[in-house]
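Results of the structural survey
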Amino acid sequence: MTQSVFTATALTKTYVSGEVAVHALNNVDLEIAEREVVVLLGPSGSGKTTLLNIMGGLDRPTSGRLFFRDLDLTDLQDRELTKYRRDHVGFVFQFYNLVPSLTAYENVALVTEVAKNPMRPADALALVGLEERMHHFPAQLSGGEQQRVAIARAIAKRPAVLLCDEPTGALDSKTGIRVIEALLGVNRQLGTTTIIITHNASIQQVADRVLFFADGRISRIQRNETRREAAELTW
Amino acid sequence: MWAQVLAIALVVGGGVATLVLAVGSHRSLEETRIAYYERYGFGDVFAQVKRAPKALADRIVDIPGVAAVDARIAKLALLDIPGFSEPASGQFVSLPDNGEAHLNRLYIRSGRLPESGRTEEVVVNEPFARAHGFSEGARFSAILNGKKRELVIVGTALSPEFVYTVGPGDLMPDDRRFAVVWMSEKALAGVYDLDGAFSAVSVKLQPGASEREVISRLDALLDPYGGQAAHGRKDQTSHAWLDHELDMLNNMSRTLPPIFLLVSAFLVNLTLSRLVALEREQIGLLKALGYTDGSIVLHYFKFVALIVAAGIVLGSIVGTWLGLRITALFGDFFHFPFLVFAKAPDLYVIAGALSAAAAAIGALRALREVVTLPPAVAMQPPAPPVYRRLLPASIQLDQIVSQPTLMMVRNIARHPVRATFTALGMALATAILVVSLFTRDTMEQLIDVTYFLADRQDATIGFVEKRIGNVVEQVHRLPGVLAAEPFREVPVRIRHGNVERRITISGRPADADLRRIIDVDLRPVVLPETGLAISGMLGHILGVAAGDTVELDLLEGARRTVTMPIVATVEDYFGIRGMMDMDALRQLMREAPVVNSVNLSLDENRKEDFYAAVKSMPTVAGVALQRVSLANFRKTVALLITTMASIYTGLAAVIAFGVVYNNARISLSERARELASLRVLGFTRGEVLRILLLELAILTLIAQPPGWLMGYGLAWVMKTNLAGELMRVRLVVEHSTYVLATSVVVLAAVASAAVIRRRIDNLDLVAVLKTRD
C-alpha cells in the first residue's frame, strides 16, 4: 500500500442556518492514496463538494481530523491554508475561471511565477495538448480548450493533488472526454492524485475508486479493478 | 453596498457643499453690504477740500443728479492712548449738532452721541474700542490742530463709510492703531477754526445720474476752495477694499465650485454606470419575471435618485453650515452691524439638478446596454471580454514583466476610455487640491516682495500737511532713528486714450534704499532722472508700456495737465501708483523741496523712545509700522484665505477619497470572481490586493503630472480673476504644494485600499468554484 495523501477521521461539517443544523458532512472516515484517481458521485447536497473544499483548504471541518500527508489541515490559520493551497493543491473549476486578460500561456505563467518548482508553462500546455493555442486569449478558445488551460494552470506547479469540481459540467460530451483525457494523462505522467466531483456517472469508469455520497456520508465505495481510458467513455 | 452608496453620496455632497457655501456666503455678504449701505445712507461721491463755506453745500445739492449732500469736517490726527506705547491715529469726523446726518449715518452700538459743542466728548468706532477694551467713560488723547486734548468716549458706533478701516500709510486694518472718532461739529469746527465751513463732502446720487458728470461739476465748485479731485465709491478706501474682498469671494465661488461640481458629476456618472452594469443578472431576472423595460429603468432611476438625494442633503447641510460660518467670519472681519443670510433655493436646485442629471445619464448609459438584451442572455454571464495582445506573440515578455503587470496593462488597454476617465478623475482631485492650496505660496511670495524686497522701512511718519525739506533732518534726530528717507506724494489723474485712473505719484530720492522699486524680474530699479514708473497693473489697465506717453492732471498746487513718458513698469501687489525721482517730481510741481512722509529705519532697542518722541509731534498724522502691518496682514487676509483654502482642501480630500474608493470598489465587484479564483489557486491576500490595486495605483500616479498641470492652470485662472487694482498676486506654486496635493490623493488612495482590503479578506472562495458570477 502506498502512502496516504489524505487521511480523514470522523470528519464532520455542520452549517447552522437559522435554527436548523445541516450536516453537510457526517462522520466521514477516508484515506486517499498517492497517484490515485478518485471520483465522487452523488446528488446535490450530499456532501461531496464540502469534502473537496475541506481537502482543498477552502473550508474547515466542524469536528474530526483531516491530514494531508503529515500535515494536520484541521486547525490551520488562513495564512497557512493559503500556503498549503499554493504549494500542494491544483484546482479545476466548472467554469474554468481563467483570467480573461491573459493568454493561455500567461494564465499558466501567472501560477508558475509564484510556485516553488514549477514546470515551464509551455510544457504544461503541451501536456493537455494545447501547445498550438497557447497564445490565444480565453475569449478565443472553446469551452473545452479553456478547461484544458485551467488544467494546465492547475498542474504546472506540480501539485500533490488535483481537485476538480464538475470539470466537464459545462461541456458537451466530446469536449468533456478530451478534458477527462487530459486529467488522466496528467495523472499518468506526473502521478498527481486526482479527485473529481461529477454528476456524470460514466466518468466513474476512469477512476481507481468511486465514492458514492448520500446525506453527508459515504454510502458506498466501489473499487475499479481496471480503469477505462477516457476515449472509451460515452455519455 | 451602503459604503459605496455613501462614497458616491460623499462625492455628490462635496460638489454641492462647495457651491452652496461659496455662492451662499458671497450672496449673504453682498446682501448684507447692500442693506447696510442703504439703511445708513452711504454716499456715492466723496471729496476733500481745504476750507469751503457751508453755503456751498446748497449749491452742491443743485447739481443735476445729486440727491443729498453731507458737508462736514474730517481731519486726521495722532492719538495717544494710555498704556499703549505704539503711536496710533484717528480719523476725526464731525457730526451735525442738530438732527442726524443726511448721509453716512452711524449705527450706535453703545452709549450716546456727543453733546453739541462738547470738545471732549467723542464716539469711536466699535472695533477700536473693543481692541483696547474701552467702554463709555474711557479716556485717551489726541493732538488736534497742534494741541494735545483729552477725549472721553461717550459711545461706540459703526459706519458704512468705515467698514474697512486702514490708517494712513498702512496696508492693513489695525483696530488698535487706527480709530474713527466722531465729534460734535461745533466742537471740531472750534478746534480747527472751521466755523461755518466744511472740509469734506459726500454726495448721494439720484438713480441713473452720471457719476462722472457730478464729479466734474463738484470739482468745479470746490476748486476755488482748495478742493482735491472728487471721487466715486471706487476710490473710497473702505468700499474699495470691501469690494475687493467680496470680489475675491465671488471669484472663488465662480472658479472652484463649478470645478468641484463637474468633477463630482463626472465621477457619479462613471461610478453609477459601472454599478448598474454589475446588476446585469438581476435585470435579466426582473425581465424574465415580466417587468417592462420602462419599469426597470424607473427602478434604477429611483436607486440613483436616492443616492443623489442623500448626497444633496448631505452637501446642503454641510455647505449651509460652512457658508454661515464663513459669512459670520467675514462679517466679523468687516464689522458689519448685522448679517443678512441670503436664502438661495436656486443653488440647491442647480447643484441638485446637475448632480442628478450626471448620475441619471451614467445609469442610463449602462441600462441601455443591459435592458436591450433578451432576459435569457441578460441572466447569463457576459461572454469573456476580448483582449488583444499589445505586442506580437513572438515577443515574450514574461521574463521581464510579471503576469499581474500584464493583466493591469491589458485591462487599461481594453478600457482606454474608462482608464482615461479614471485617471482624469484622479488628476482633477489633485488639481482641486493644488488650486485650494496654492494661495499659501502666493501669499508668502507677496509678503516677501512687499515687506522684504520693496518696502523695507521699519516705520513711515505721515504728516498732516506737506512739510518743507529739512523735516527729514528733524526726524533723523529722533531717538532710535537709524536712517530717514523723504517721500513726496501727489494725487493725479493719469490718462491714456479713454482710460483714466486717480492715483498717487510718489517721489523718492534717487538713492532710496529703504523703500525700493522692484521690477517684474524682482530686481531693484533705480528711477531715471525724468519720466514716470507705474505699477504693472496700471500699465495693463491703461494699455501702456515703457516708452509710451501718458497724460497727467496734477490735482495739487498749480493744477496743470502734462504729458509724461513711462520709463518702467513695476512689480507691486497693492494699489496702482506712479513713482518718480523726487527732484523730477518737484520740478514737475514747480515747488520747493517738500515731503508728505518720511520712511525710517529704526533701532529695535530704542523703539519705545521713538514712539514717545513721535507722539508729541503736532505735525504728525500717523505712523505706519511695517512689522505690525505684516503681522496684521498675516492675521487677517492670510487667515481668511487660509480658512477658505482649508475648507476647499477638506472637500477636495473627500472627493479624492470618493474617486479612489469607488473605483477600487467597483473593480473589486467586476473582478471578484477572478480575484477569488486567484485566492483559491494559492495567491495570498496581499498578492490579490496588489493585483486589484496595481491598476489604480498606476492610474493614480499617471494622473499626477496632468493633475499638477491642471491645478496650475486653474490657479492661474483664479489668480487672474482675483487680480484687481487694490490687490493682486504673482502666481507662485511651490513644489511642496504639488507634493502635498499628491500626498493627499495618495493618502486617500491608501485609505480606500485599507477599506478594500477588508473586502478581499471576505471574498467567498467557495462560491467561486460553483458559480460564474
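Keep in mind that this is a model prediction, so the values were computed, not measured. (Residues numbered from 1 in each chain as written. Chains lettered and ligands numbered in written order. Predicted model: local features only at pLDDT ≥ 70, side-chain atom pairs only at ≥ 80, totals over all residues.)

**Description of the overall build of chain A**
Across its full length, chain A holds six helices and 10 strands. Against the compact-globule benchmark of 18 Å for 235 residues, chain A has a radius of gyration of 17 Å, which places it among compact chains. Burial analysis of chain A (235 residues in total) assigns 51% to the buried set. For chain A, the share of sequence-separated contacts (at least 6 apart) that also reach a separation of at least 24 residues comes to 71%. (Helix = DSSP H or I, 4+ residues; strand = E, 2+ residues; numbered from the N terminus. Rg over C-alpha atoms; globule rule 2.2 N^0.38 Å. Buried ≥ 20, exposed ≤ 12 C-beta atoms within 10 Å, placed from the backbone. Contact = placed C-beta atoms within 7 Å.)

**Here we look at the overall build of chain B**
Scanning chain B from terminus to terminus reveals 20 helices and 22 strands. Counting only C-alpha atoms and orienting by the principal axes, one finds that chain B spans roughly 105 × 55 × 50 Å. The burial tally for chain B puts 49% of its 773 residues in the buried class. Pairs at least 24 residues apart make up 84% of the contacts formed inside chain B by residues separated by at least 6 positions.

**Quick notes on the interface of chain A and chain B**
With 26 residues of chain A at the interface, the matching set in chain B holds 28 residues. Those elements that place two or more of their residues in the side of chain A that touches chain B are α2 (78-88) and α3 (104-112) of chain A. Here the side of chain A that touches chain B takes four residues from α3(A), the largest share from any one element.

**Concerning helix α15 (residues 582-589) of chain B**
Within an α-helix, residues lying three or four positions from one another point in the same direction, as the helix has 3.6 residues per turn. Residue and element names in this part refer to chain B. Along α15, the residues classified as buried are Met-582, Leu-585 and Leu-588. Along the long axis of α15, the arc covered by the buried residues comes to 120°, so they all point the same way. Residues of α15 that are buried make contact with β13 (481-496), β14 (499-508), β19 (561-570) and β20 (578-581). Looking one or two residues beyond α15, the residue adopting positive phi is Arg-590, at roughly 50°. (Arc of directions from axis to C-beta.)

**Some remarks on the nonpolar core**
Soluble globular proteins tend to pack their nonpolar side chains together in the buried interior. Membership of the largest hydrophobic core comes to 272 residues, with the highest contact counts inside it found for A:Ala152, B:Leu218, B:Ile432, B:Val434, B:Ile655 and B:Ala656. Sorting elements by how many residues they give to this core places helix α17 (residues 626-680) of chain B first, with 20 residues. In contact with B:Ile432, not counting residues within four places along its chain, are B:Ile259, B:Phe260, B:Val263, B:Ala652 and B:Ile655. With 25 residues, the next largest nonpolar core counts B:Val492, B:Ile494, B:Ile505 and B:Ile566 among its residues. (Core = buried A, V, L, I, M, F, W, Y, C linked by C-beta atoms within 7 Å.)

**Considering the UniProt feature "domain: ABC transporter" (unreviewed entry) in chain A**
Look at the UniProt record and you will see "domain: ABC transporter" (unreviewed entry) annotated at residues 6-233 of chain A. Helix makes up 29% of residues 6-233 of chain A and strand 29%, whereas the separation of the span's terminal C-alpha atoms amounts to 28 Å. (UniProt positions renumbered as here; feature names shortened; annotations may be inferred.)

**Quick notes on the pairing of strand β6 (residues 121-125) of chain B**
All names here are of chain B. Burial analysis of β6 places five of its five residues in the buried class, the great majority of the element. As judged from the five bridges shared by β6 and strand β8 (residues 147-158), these two strands associate in the parallel manner. Across the sheet, the residue bridging to Glu-121 is Val-152, located in β8. In terms of strand pairing, β6 meets strand β9 (residues 178-184) through three bridges, oriented antiparallel. Across the sheet, Val-123 pairs through a bridge with Trp-182, a residue of β9. (Pairing = 2+ DSSP bridges.)

**Concerning the pairing of strand β1 (residues 4-17) of chain A**
Residue and element names in this part refer to chain A. Pairing geometry for β1 and strand β2 (residues 20-33), over 10 bridges, is antiparallel. Within β2, the position partnered with Thr-7 by the bridge is Glu-31. Where β1 hands over to β2, the hairpin turn is made up of two residues, of which Gly-18 adopts a positive phi near 65°. Examined bridge by bridge, β1 and strand β4 (residues 63-68) share five bridges and lie antiparallel to one another. In the strand pairing of β4, Phe-6 is matched with Phe-68.

**Re the sheet that holds β2(A)**
Taken in spatial order, the four strands line up as β2-β1-β4-β5 (chain A) in an open sheet, and their pairing is antiparallel. Where the open sheet ends on each side, the last strands, each with one partner, are β2 and β5 (71-72) of chain A.

**Regarding the sheet that holds strand β10 (residues 217-223) of chain A**
Residue and element names in this part refer to chain A. Taken together, the six strands give an open sheet; going across it, the order is β6-β7-β8-β3-β9-β10, and neighbouring strands pair in mixed fashion. What marks the edges here is a single partner per strand, and that holds for β6 (89-92) and β10. For this sheet, the mean inter-axis angle between neighbouring strands, taken without regard to orientation, is 20°. Pairing of β6 with strand β7 (residues 161-165), which is carried by four bridges, proceeds in the parallel orientation. Bridge pairing links Val-89 to Val-161 in β7. (Axes fitted to C-alpha atoms, helices over the stretch in contact; angles between N-to-C directions.)

**Structural notes on the confidence of the model for chain B**
Summarising the model, chain B shows a mean pLDDT of 86, and 96% of its residues fall at 70 or more. In the predicted assembly, ipTM is 0.85 and pTM is 0.77. (pLDDT = per-residue confidence, 0-100.)

**Quick notes on the packing of helix α6 (residues 237-277) of chain B against helix α18 (residues 685-722) of chain B**
All names here are of chain B. Contact geometry for α6 and α18: axes closest at 9 Å, N-to-C directions at 155°. Accordingly, the angle class assigned to the pair α6 and α18 is roughly antiparallel. Crossing handedness for the pair α6 and α18: right-handed. Facing Met-248, Asn-251, Thr-255 and Ile-259 of α6, the residues of α18 in contact are Leu-714, Val-717, Met-718, Asn-721 and Leu-722. Residues that form the contact of α6 with α18 fall into these classes: six nonpolar, three polar and no charged. (Parallel < 35°, antiparallel > 145°, perpendicular 65-115°, else oblique. Left-handed = near helix turned anticlockwise from the far one by under 90°. Nonpolar A, V, L, I, M, F, W, Y, C, P; charged D, E, K, R; others polar.)

**Some remarks on the packing of α3(A) against helix α5 (residues 143-155) of chain A**
Residues and elements named next belong to chain A. At a closest axis distance of 8 Å, the pairing of α3 and α5 adopts a crossing angle of 25°. Between α3 and α5, the crossing angle belongs to the class labelled roughly parallel. When the axes of α3 and α5 are compared, the crossing they make is right-handed. The residues of α5 that touch α3, namely those facing Ala-104, Asn-107, Val-108 and Val-111, are Val-149, Ala-152 and Arg-153. Tallied by class, residues from the contact of α3 with α5 come to five nonpolar, one polar and one charged.

**Some points on unusual backbone geometry**
Located in the positive-phi region is A:Arg158, a residue other than glycine, with phi close to 50°. A:Arg158 gets classed as partly exposed once you count the C-beta atoms within 10 Å, which come to 18. For B:Asp193, which is not glycine, the phi dihedral falls at a positive 55°. Following the sequence through the fold, B:Asp193 ends up in the loop between α4 (185-192) and β10 (197-205).

**As for the environment of B:Gly622**
Residues and elements named next belong to chain B. Within the secondary structure, Gly-622 is located in strand β22 (residues 620-625). Here the alpha-carbon distance between Gly-622 and Leu-205, two residues 417 residues apart in the chain, equals 32 Å. Apart from the residues within four sequence positions on either side, Gly-622 is in contact with Leu-76, Leu-78, Ser-89, Gly-167, Pro-168, Gly-169 and Gly-462.

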